[in-house]
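Examination of the molecular architecture
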Amino acid sequence: MLQLAVAAADKMGGEDLVALDVSEPMPLADIFLIVTGRSERNAAAISDEIERALNQAGHKLLRREGKAEGRWILCDFGDLIVHVFHQEEREYYGLERLWKDCPTVPFEIPTRPSVEADFA
């Protein structure tokens, strides 16, 4: 699930992706994925693409909050909770600081084809 969400966020221009293992202090979820969008519209597009990708893979969205404002969108998929922030809200709320005792979870951002490859 995490890798699908990362790929979807990256596809829509999500920035500063961080995944935290919150399974120890929070038994209701395993991972928080934190993503920054450049604008409210970008944050909404990122959350939509993550929802689409995970639904297509058979993972149901249990709850979503904040999409209308586009400043902090929370998408709850059960084991994975995605937080898509506008830059200002991400800095203000500082989830990484609040959950600093939680280890990060490694993931890979998909490689994009280079522009040169398109012209070859």
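**Details of the sheet that holds strand E3 (residues 63-65)**
The mixed open sheet is built from 5 strands, whose spatial order is E1-E2-E5-E4-E3. Lying at the two open borders of the sheet, with one neighbouring strand each, are strand E1 (15-21) and E3. Across the sheet, the mean angle from the axis of one strand to that of its neighbour is 10°, orientation sign disregarded. Relative to strand E5 (residues 80-86), strand E2 (residues 31-37) runs parallel, the two being bridged by 7 bridges. Residue pairing across strands places Val35 opposite Val84, the latter belonging to E5. Against the sheet, helix H1 (residues 2-11) contacts E1, E2 and E5, and its axis sits at roughly 0° relative to E2.

**A closer look at the packing of H1 against helix H2 (residues 40-56)**
The description of two helices packed together rests on the angle between their axes and the distance between the axes. With their axes 8 Å apart at the nearest point, H1 and H2 run at an angle of 140° to one another. Judged by the twist between their axes, the crossing of H1 over H2 is right-handed. The segment H1 lies against H2, with Leu4, Ala5, Ala8, Ala9 and Lys11 engaging Ile46, Glu49, Ile50, Arg52, Ala53 and Leu54. By residue class, the composition of the contact of H1 with H2 is 8 nonpolar, no polar and 3 charged.

**Observations concerning unusual backbone geometry**
In this structure, Asp16 takes a positive phi of about 50° despite not being glycine. Structurally, Asp16 is set in strand E1. Using a relative accessible area of 47% as the deciding quantity, one classes Asp16 as partly exposed.

Reading guide: rules and limits
- Residues numbered from 1 in each chain as written.
- Predicted model: local features only at pLDDT ≥ 70, side-chain atom pairs only at ≥ 80, totals over all residues.
- Heavy atoms only, no water.
- Pairing = 2+ DSSP bridges.
- Helix = DSSP H or I, 4+ residues; strand = E, 2+ residues; numbered from the N terminus.
- Axes fitted to C-alpha atoms, helices over the stretch in contact; angles between N-to-C directions.
- Contact = heavy atoms within 4.5 Å.
- Left-handed = near helix turned anticlockwise from the far one by under 90°.
- Nonpolar A, V, L, I, M, F, W, Y, C, P; charged D, E, K, R; others polar.
- Buried < 20%, exposed > 50% of the residue type's maximum accessible area, 1.4 Å probe, protein only.

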